[in-house]
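For reference, the chains in residue letters:
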Amino acid sequence: MKLLLFLFMITSPVFAGQVPCEPSSEPIEAKVMAEEILKTFKVSHWSASSDDIEDSPCKGKVPTLEEMKRANNKLLDSPKVEKREIVGAEFENESEQMLRMFDLLVQKRRFSGEGYILPNQKDYSHLTKGSCKKVRCALNQLFGESYSENAMYLLSQYELNVSPVGLGNDKTKKFSDKELKSIHQSVADLPKSLFPIRIAKSFRRSSLSNGNTLGNATIMLFEGITKYNHNEKTGICTHEFAHNFSDRGKLDESPDWLNISGWIDNGGKWERDSSRNHTFVSKYAMANPGEDFAESVVAYRYNPDALRAASPEKYDFIKELVFKGREYTEGNEKSCQGQTLLEVQMEATLNKDAREFERENSEFKYDQSLAGCSKELLKRFDGRRDDDLKKCLSRIYRNKMLEQNWDKISSEFKYPEKAKELIDENFFEMDLDIGDDFLDKKIREVDVELLKAEEDSKKELVKTMNLYRKYTKETSAKDFCENDIVRFGYQKFKSLERAMDPMFLYQNRSTIDERVRTACNRVFRTMDDLKREVKLSDIL
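Residues numbered from 1 in each chain as written. Predicted model: local features only at pLDDT ≥ 70, side-chain atom pairs only at ≥ 80, totals over all residues. Heavy atoms only, no water.

**Q** So what's going on with the nonpolar core? Which residues, and what values?
**A** Among the nonpolar cores identified, the biggest contains 132 residues, and Phe102, Phe195, Phe241, Ile318, Leu496 and Phe524 are the most heavily contacted of them. Per element, the largest residue contribution to this core is nine residues, and it comes from helix α19 (residues 436-471). Aside from chain neighbours lying at most four places away, what touches Phe102 is Ile86, Val87, Ala89, Phe91, Gln107, Leu127, Val135, Ala138 and Leu139. In this structure, Leu258, Phe280, Ala285 and Met286 belong to the second largest nonpolar core, which totals five residues. (Core = buried A, V, L, I, M, F, W, Y, C linked by side-chain atoms within 4.5 Å. Buried < 20%, exposed > 50% of the residue type's maximum accessible area, 1.4 Å probe, protein only. Helix = DSSP H or I, 4+ residues; strand = E, 2+ residues; numbered from the N terminus. Contact = heavy atoms within 4.5 Å.)

Below you can see the structure in the form of structure tokens.
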């Protein structure tokens, strides 16, 4: 676990522009400049001071409660579900996205994400007693209006889960209003394309004091943060986000990063080349490569001159592999969000050969190359027709297009190997000219395969029904369907795994269970129905 251990803050930050120097006709080398800075000022424990954060360009706007409410209202536009029960709370005519909010904010999970649901959930039926049948009403009772709107906003906009319940314990509590403001400030100051870190990433507030530890990369903040001001808490949040940004491509463990500061792994203990101490932007950065990286990201965002003076190589590494070319120095205030110049140039290069790519990839394969669209494929299998699958297929073919044309754009990068890894993970945003006709054709072919998978699976299901009806020990048709057929019916739909992630399919087997349940209940209404043989036409 990477711990954010801040001893104290020295108020004199490092600024390249304040270095006294003699006039010279020769440019000062970066190393010499950094050494001059270190002689003139003490290196701060933090890489960016409160003033650095306050005065940095491209400051994002913290949304008001009313603005969050308006954004959250858009969750109501998703398809409605007539009835849904989640940990005892019963909702009626509620949108799918609102139900997702309640599920992720309230249902206990072992880890961040949509899966990993724990057994023995607390019963929340009291939240929907009487006329309270909507998610907003239930969450307002549980958290209070302001906190529930903050939680839904951060989850829907950034996939950050600040619930003290979902991944919490008896030592987890709600963030204060001031702490929530700092979280909002941190995410607003960063490019939105850096999120989500992962789906429903937990962001928790512990009630414990953990010595001098303020937070960790899981992400959890401790009681010690209360003594810091808004800007400092913003920097703490950004530091912890930076650890998670690094995890995308193991950036802080890459040889390129380790070599910049001379990090050496000596039997599990990190040591550094003391001759390169000038490359660190803060004292805490000297702890290990992970803290070096996180502190450098904070400096890049809020104190870029200090980072560039200390280590131009670190500046370039983070510029390329975290911020995708976006800079926060004077004169770059117009490029705070959206595509970077690097992405625009890559996009233009690749789009020259878009039609040729479509011709080369006209053949369709229903296989594991589509696994990244497991969620969308399962929704399609369940009969929900929306644009989600088209968007996902577009990402898959975009990556394939990048793969096939990598040699045309690799020269844009100083660190091409790491850039390639990040491109494979959909890190770079490009609007490639993969035509709608091309994607619509792929979707039609997906639908054919899903229909075939269903027919093949139901043939196997019929065999199971005809076998189990002869030997069941159940005394009602409903119990027969539930205990003999639904219980094992999932196994008959294994053909779906050819194009879906098996673990995702297993974790979301309720969709298949419901199809099996419906088919069985249609055929077997009474115990007398178990006497006759089932035909495929009975369940299609």
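Right, picking up where we left off after that structure.
**Q** Any chance you could break down the state of the cysteines for me, citing the residues and the numbers?
**A** Counted by the stated rule, this structure contains four disulfides. One disulfide in the model links Cys481 with Cys520; its S-S distance is 2.1 Å. In this structure, the disulfide formed by Cys481 and Cys520 twists by about -85 degrees around the S-S bond and is classed as left-handed. On the criterion of sequence distance, the pair formed by Cys481 in helix α20 (residues 477-489) and Cys520 in helix α22 (residues 510-523) is long-range, its members being 39 residues apart. Once the bonded cysteines of the protein chain are numbered in order along the sequence, the disulfide links fall as 1-4, 2-3, 5-6, 7-8. Looking at the unpaired Cys237, the closest cysteine sulfur is the one in Cys58, lying at 19 Å. (Disulfide = S-S within 2.5 Å.)

**Q** Hey, could you go over the packing of aromatic side chains for me, with residue numbers and the actual values?
**A** Across all of its chains, the model carries 26 aromatic pairs by this definition. With a centroid separation of 5.9 Å and an interplanar angle of 55 degrees, the aromatic rings of Phe143 and Tyr147 are classed as tilted. Among the residues examined, Tyr147 registers a relative accessible area of 4% and is labelled buried. Ring centres of Phe323 and Tyr328 lie 5.5 Å apart, and the angle between their planes is 80 degrees; this geometry places the pair in the edge-to-face category. What makes Tyr328 buried here is its relative accessible area of 3%. By the ring-pair criterion, three or more aromatic residues cluster together here, those being Tyr158, Phe175, Phe195, Phe203, Phe241 and Phe245. Here the guanidinium or amino end of Lys314 rests over the ring plane of Phe280, the centre of that ring lying 4.2 Å away. (Phe/Tyr/Trp six-rings, centres within 6.5 Å; stacked < 30°, edge-to-face > 60°. Lys NZ or Arg CZ within 6 Å of the ring centre and 35° of its normal.)

**Q** Run through the pairing of strand β11 (residues 269-272), naming residues and quoting values.
**A** As defined by bridge partners, strand β10 (residues 263-266) adjoins β11 across four bridges and the pair is classed as antiparallel. Bridged to Asp265 within β11 is Trp270. Counting the residues in the hairpin turn of β10 and β11 gives two residues, including Gly267, whose phi is positive at 60 degrees. (Pairing = 2+ DSSP bridges.)

**Q** An account of the side chain of Arg326 is requested, with residue identities and associated values reported.
**A** By the element assignment, Arg326 lies in the loop between α12 (312-321) and α13 (341-351). We note that Arg326 is buried and unpaired, the nearest opposite charge coming from Glu343 at a distance of 5.6 Å. Polar contacts involving the side chain of Arg326 include one to the main-chain carbonyl oxygen of Gly338, which spans 2.3 Å. Ignoring anything within four residues of it in the chain, the contact list for Arg326 reads Pro191, Tyr300, Lys319, Ser335, Cys336, Gln337, Gly338, Gln339 and Thr340. (Lys, Arg positive; Asp, Glu negative; His and termini not counted. Salt bridge = Lys/Arg side-chain N within 4 Å of Asp/Glu carboxyl O. Polar contact = N/O pair within 3.5 Å; in protein donor to acceptor, adjacent residues only side chain to side chain.)

**Q** I'd like a description of the packing of helix α8 (residues 230-247) against helix α10 (residues 289-302), backed by residues and values.
**A** Two elements in contact, α8 and α10, have axes whose closest approach is 8 Å; the angle formed by their N-to-C orientations is 125 degrees. Viewed along their axes, α8 and α10 adopt a mutual orientation that is oblique. The handedness of the crossing between α8 and α10 is right-handed. Between α8, through Thr234, Gly235, Thr238, His239, Ala242, His243 and Ser246, and α10, the contact on the second element is made entirely by Gly290, Glu291, Phe293, Ala294, Glu295, Val297, Val298 and Tyr302. (Axes fitted to C-alpha atoms, helices over the stretch in contact; angles between N-to-C directions. Parallel < 35°, antiparallel > 145°, perpendicular 65-115°, else oblique. Left-handed = near helix turned anticlockwise from the far one by under 90°.)

**Q** Now, about the environment of Ile409: what can you tell me, with residues and values included?
**A** Tracing the backbone through its elements, the reader meets Ile409 in helix α17 (residues 406-409). Separated by 196 residues in sequence, Ile409 and Thr213 place their C-alpha atoms 43 Å apart.

**Q** Go over the pattern of salt bridges with me, naming the residues and quoting the values.
**A** As enumerated under the stated definition, the model contains 43 salt bridges in all. Between Asp436 and Lys390 there is a salt bridge, with its nearest N and O atoms 3.5 Å apart. Of this pair, Asp436 sits in helix α19 while Lys390 sits in helix α16 (residues 388-404), placing them 46 residues apart in sequence. Across the salt bridge formed by Glu454 and Arg515, the nearest N and O atoms sit 2.5 Å from each other.

**Q** So, α16: which residues are in play, and what are the values?
**A** At 3.6 residues per turn, the α-helix brings residues three or four places apart onto the same side. Given a rise of 1.5 Å per residue, 17 residues ought to cover 24 Å, and the 25 Å separating the end C-alpha atoms of α16 matches this to within 8%. When we look at burial in α16, the residues that qualify are Leu389, Lys390, Cys392, Leu393, Ile396, Tyr397, Arg398, Asn399, Met401 and Leu402. As for α16, its buried residues are in contact with α13, α14 (354-360), α15 (374-381), α17, α18 (416-424) and α19. (Expected span 1.5 Å × (residues − 1).)

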